[in-house]
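Structure at a glance
Spelled out from the first residue to the last, the chains are:
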Amino acid sequence: MPTTQDPQAAGGAADKPTLSVRTVWISDLHLGTPGCQARALLDFLRDVECDTLYLVGDIIDGWQLRRSWYWPQTHNDVVQKLLRKARKGTRVIFIPGNHDEFARKYLAHNFGGVDVVEEAMHVTADGRRLWITHGDLYDGVIQCARWLAIAGDLAYEFTLKVNRWFNHIRAKFGLPYWSLSRYLKHKVKRAVSYINEFENAVAREARKRGAHGVVCGHIHHAEIREIEGILYCNDGDWVESLTALVEHHDGRLEILDRGDQAALPGMLPAARPVAPAALPVPVPVAAAAKAVAPDTVA
């Protein structure tokens, strides 16, 4: 695919990071869909520098691209920006999810400096072991009723279309962005139950692996909390939440929320701090290095 790079996306003097952290986790970008907030994501990637960047699944939405092709320049700029970070020394690790499961065919390769792993074990600066997984393999709907997951994806896509129209009207009245799907997830009892079951399932699996905690994506619900002694971290999404999980140089974890600042590039994100939890014993590192298809970059 041709790459007419935006000078800012391409880098150089335009990149002036305003936040330095040890590790960043982002997931559920859904590049290839109209819902992807690519401009806000580019602003965030320019603002932050880190030693390690984890792409925790659903980076490219293969489901949507198979239905109809959608790939604006800003989506290409995001890919180029990620590759450029890898070239400049950031360790970039991609863990495929259900929407970009095609990348699981490329496990154990490195393309453009990006490693793709099925899962990973990350050790924080303060010695905690965090198991990293997208989470779809622990979602009963995805594993047992794929047709239902696809139907749900179509319903979610429709909700986002309605939401864009609704927020276009709100913007004319100077009102802030409001997420219909997030509201429904929190109000509909079955959706709340589904989220709780998912969170408990990945926390249980982290415990089995001897990890102190887990970092995942998949359900588009950013959160850090303790579940029966296991630290559960979800980095959210870049469709509505516009959130990332970061580890500071002392091992402290935070969710950074760019949702309120999507229209204000260059502003530092609001942070929701979480105190480090003292959790059990270490684990063997369980992730084989595995990698994504390349993109052509200058």
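An account of the accompanying structure is given in this report. Source: prediction; values computed, not measured.

With that settled, consider the overall build of the chain. Across its full length, the chain carries eight helices and 13 strands. A total of 298 residues make up the chain; the buried ones form 52% of that total. Look at the contacts in the chain between residues 6 or more apart in sequence, and 70% of them connect residues 24 or more apart. In the form shown here, the chain has an accessible surface area of approximately 13,600 Å², with 59% of it arising from carbon and sulfur atoms.

Further remarks concern the pattern of salt bridges. This model, assessed by the stated rule, comprises twelve salt bridges. Asp43 is the salt-bridge partner of Arg46, the closest N and O atoms lying 3.4 Å from each other. Note that Arg46 and Asp43 are positioned in helix α2 (residues 38–47) at a spacing of three residues, about one turn of the helix. The class of Arg46 is buried, set by a relative accessible area of 12%. Taking relative accessible area as the criterion, Asp43 reaches 12% and is therefore assigned buried. Two residues, Arg258 and Asp47, come together in a salt bridge whose shortest N-O distance is 3.0 Å. One end of the pair, Arg258, is in the loop between β12 (253–257) and β13 (270–274); the other, Asp47, is in helix α2, and 211 residues separate them in sequence. For the pair Arg258 and Asp47, a shared accessibility class is recorded, and that class is buried. Each of Glu119, Glu205, Lys208 and Arg209 takes part in salt bridges that share partners, so that together they form one network.

Before going further, it helps to examine the nonpolar core. Ranked by size, the top nonpolar core spans 35 residues in total, and within it Val24, Ile26, Phe44, Val78 and Trp238 carry the most contacts. Mapped by element, the contributors of at least two residues to this core are β1 (19–26), α2, β2 (48–55), α4 (73–87), β3 (91–94), β5 (114–116) and β11 (243–247). It is α2 that provides the largest number of residues to this core, a total of six residues. Once residues lying within four places of it in the same chain are set aside, the contact partners of Phe44 are Val24, Ile26, Trp238, Ala244, Leu256 and Arg258.

Moving on, we come to the packing of α2 against α4. Remark: α2 packs on α4, axes separated minimally by 9 Å, with the N-to-C direction vectors making an angle of 20 degrees. Taken together, the axes of α2 and α4 lie roughly parallel to each other. The crossing of α2 and α4 is left-handed. In this structure, α2 uses Ala38, Arg39, Leu41, Leu42, Leu45 and Arg46 to contact α4, whose residues at the interface are Thr74, His75, Asp77, Val78, Lys81, Leu82 and Lys85. Classifying every residue of the contact of α2 with α4 by side-chain character gives six nonpolar, two polar and five charged.

Pairing is mixed in the open sheet, where five strands are placed in the order β6-β7-β8-β10-β9. The sheet is open, and its two edges are formed by β6 (120–123) and β9 (223–227), each paired on a single side. Taken pair by pair, the neighbouring strands of this sheet meet at an average axis angle of 25 degrees, ignoring direction.

Moving on, we come to the state of the cysteines. For the coordinates displayed, the defined rule picks out zero disulfides. Here Cys233 is not cross-linked by a disulfide; its sulfur's nearest cysteine counterpart is in Cys216, at 8.3 Å. Residue Cys233 is classed as buried on the basis of its relative accessible area, which comes to 0%.

Attention now moves to α4. Structurally, the α-helix is built with 3.6 residues per turn, so residues lying three or four positions apart point the same way. For α4, spanning 15 residues, the distance from its first C-alpha to its last is 21 Å, which sits close to the expected 21 Å at 1.5 Å a residue. Burial runs high along α4: 13 of the 15 residues are buried. Remark: Gly89 follows α4 within two positions and exhibits a positive phi of approximately 115 degrees.

Let us look at unusual backbone geometry. The phi dihedral of His30 is positive, around 55 degrees, even though this residue is not glycine. As for its position among the elements, His30 is in the loop between β1 and α2. Owing to a relative accessible area of 6%, His30 belongs among the buried residues under this scheme. Despite not being glycine, Leu242 has its phi angle at roughly 55 degrees, a positive value. Here Leu242 shows up in the loop between β10 (230–234) and β11.

How each quantity is defined
Residues numbered from 1 in each chain as written. Predicted model: local features only at pLDDT ≥ 70, side-chain atom pairs only at ≥ 80, totals over all residues. Heavy atoms only, no water. Helix = DSSP H or I, 4+ residues; strand = E, 2+ residues; numbered from the N terminus. Buried < 20%, exposed > 50% of the residue type's maximum accessible area, 1.4 Å probe, protein only. Contact = heavy atoms within 4.5 Å. Areas by Shrake-Rupley, 256 points an atom, 1.4 Å probe, with all protein chains shown as cover. Salt bridge = Lys/Arg side-chain N within 4 Å of Asp/Glu carboxyl O. Core = buried A, V, L, I, M, F, W, Y, C linked by side-chain atoms within 4.5 Å. Axes fitted to C-alpha atoms, helices over the stretch in contact; angles between N-to-C directions. Parallel < 35°, antiparallel > 145°, perpendicular 65-115°, else oblique. Left-handed = near helix turned anticlockwise from the far one by under 90°. Nonpolar A, V, L, I, M, F, W, Y, C, P; charged D, E, K, R; others polar. Pairing = 2+ DSSP bridges. Disulfide = S-S within 2.5 Å. Expected span 1.5 Å × (residues − 1).

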